[in-house]
Amino acid sequence: QVLLEESGGGLVQAGGSLRLSCAGSGRTFRGDAMAWFRQAPGKEREFVSCVDWNSRTYYAESAKGRITISKDNAENTVYLQMDSLKPEGTAVYYCGSRERGYYSSNPTSYEFWGQGTQVTVTS
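The residue numbers shown here count from 1 along each chain, following its written sequence. Reporting of local features is limited, given that this is a predicted model, to residues whose pLDDT is at least 70; pairs of side-chain atoms are given and counted only at 80 or more, and all residues count toward the totals for whole chains, interfaces and linings. Calculation of side-chain values draws on the structure's entire complement of heavy atoms; hydrogens and water are dropped beforehand.

Let's shift gears to the side chain of Glu6. Numbering of helices and strands runs from the N terminus; a helix is a DSSP stretch of H or I covering at least four residues, while a strand is a stretch of E covering at least two. Here Glu6 lies in strand β1 (residues 3-7). The buried label applies to any residue whose accessible area, calculated with a 1.4 Å probe on protein chains only, is under 20% of its type's maximum; exposed applies above 50%, and partly exposed to all values in between. Under the convention used here, Asp and Glu are negative, Lys and Arg are positive, and both His and the chain ends fall outside the count. When a carboxyl oxygen of Asp or Glu is within 4 Å of a side-chain nitrogen of Lys or Arg, the pair counts as a salt bridge. An unpaired buried charge is present at Glu6: no salt bridge exists, and Arg45, the closest side chain of opposite charge, is 7.1 Å distant. Within polar-contact distance, the side chain of Glu6 engages the backbone nitrogen of Gln115 at 2.9 Å. Contact definition: two residues touch when any of their heavy atoms are within 4.5 Å. Not counting residues up to four positions away in its chain, the partners in contact with Glu6 are Ser21, Cys22, Trp36, Tyr93, Tyr94, Cys95, Gly114, Gln115, Gly116 and Thr117. Here a polar contact is recorded for every N or O atom pair within 3.5 Å, except that within protein the pair must consist of a potential hydrogen donor and a potential acceptor, and residues adjacent in sequence are included only if both atoms are side-chain atoms.

Here it is, written out as structure tokens:
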């Protein structure tokens, strides 16, 4: 059974920090591109960050300097460190994976998805 499971979301004040985790099971994700997306109420799923098969990292322009994506191959887990959070960051954050391990910011190119974790940033 192939699963992605996000955790680490919660309620935080503006300017605070959270670290999200995405743990994979059922197969190795070592050669995949893995990415974080977010979806706010009434909006479409939006790209946040990606780490590709070669551990190159990519960030949405709106998030650069405030987030860091990292990957622990031994633990089959991807992390998203979020600092200086803003109220507009309030959303459900999803982890996605694609076996063809090149970078993509298009959510339709991702094959596996977790259930999402809620992040709420207050003013």
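Alright, that's what it looks like, and here's the rest.
Turning next to the state of the cysteines. Criterion for a disulfide: a pair of cysteine sulfur atoms within 2.5 Å. Under the defined criterion, the tally for this structure stands at 1 disulfide. Disulfide partner of Cys22: Cys95, at an S-S distance of 2.0 Å. Here the S-S torsion is close to -75 degrees, and the disulfide linking Cys22 with Cys95 is therefore left-handed. On the criterion of sequence distance, the pair formed by Cys22 in strand β3 (residues 18-25) and Cys95 in strand β9 (residues 91-98) is long-range, its members being 73 residues apart.

Taken in spatial order, the 4 strands make up an open sheet running β1-β3-β8-β7, and their pairing is antiparallel. Looking at strand neighbours, the two that pair on one side only are β1 and β7 (67-72), the edges of this open sheet. Averaged over all pairs of adjacent strands, the angle between strand axes in this sheet comes to 15 degrees, irrespective of strand direction. For two strands to count as paired, DSSP must find a minimum of two bridges between them. Relative to strand β8 (residues 77-82), β3 is paired through 6 bridges, and the arrangement is antiparallel. Of the residues in β8, the one forming a bridge with Arg19 is Gln81. A fitted line through C-alpha atoms serves as each axis, taken over the contacting stretch for helices, and the angle formed by two N-to-C directions is quoted from 0 to 180°.

Interpretation note: all reported values are geometric properties and have no functional meaning in isolation.
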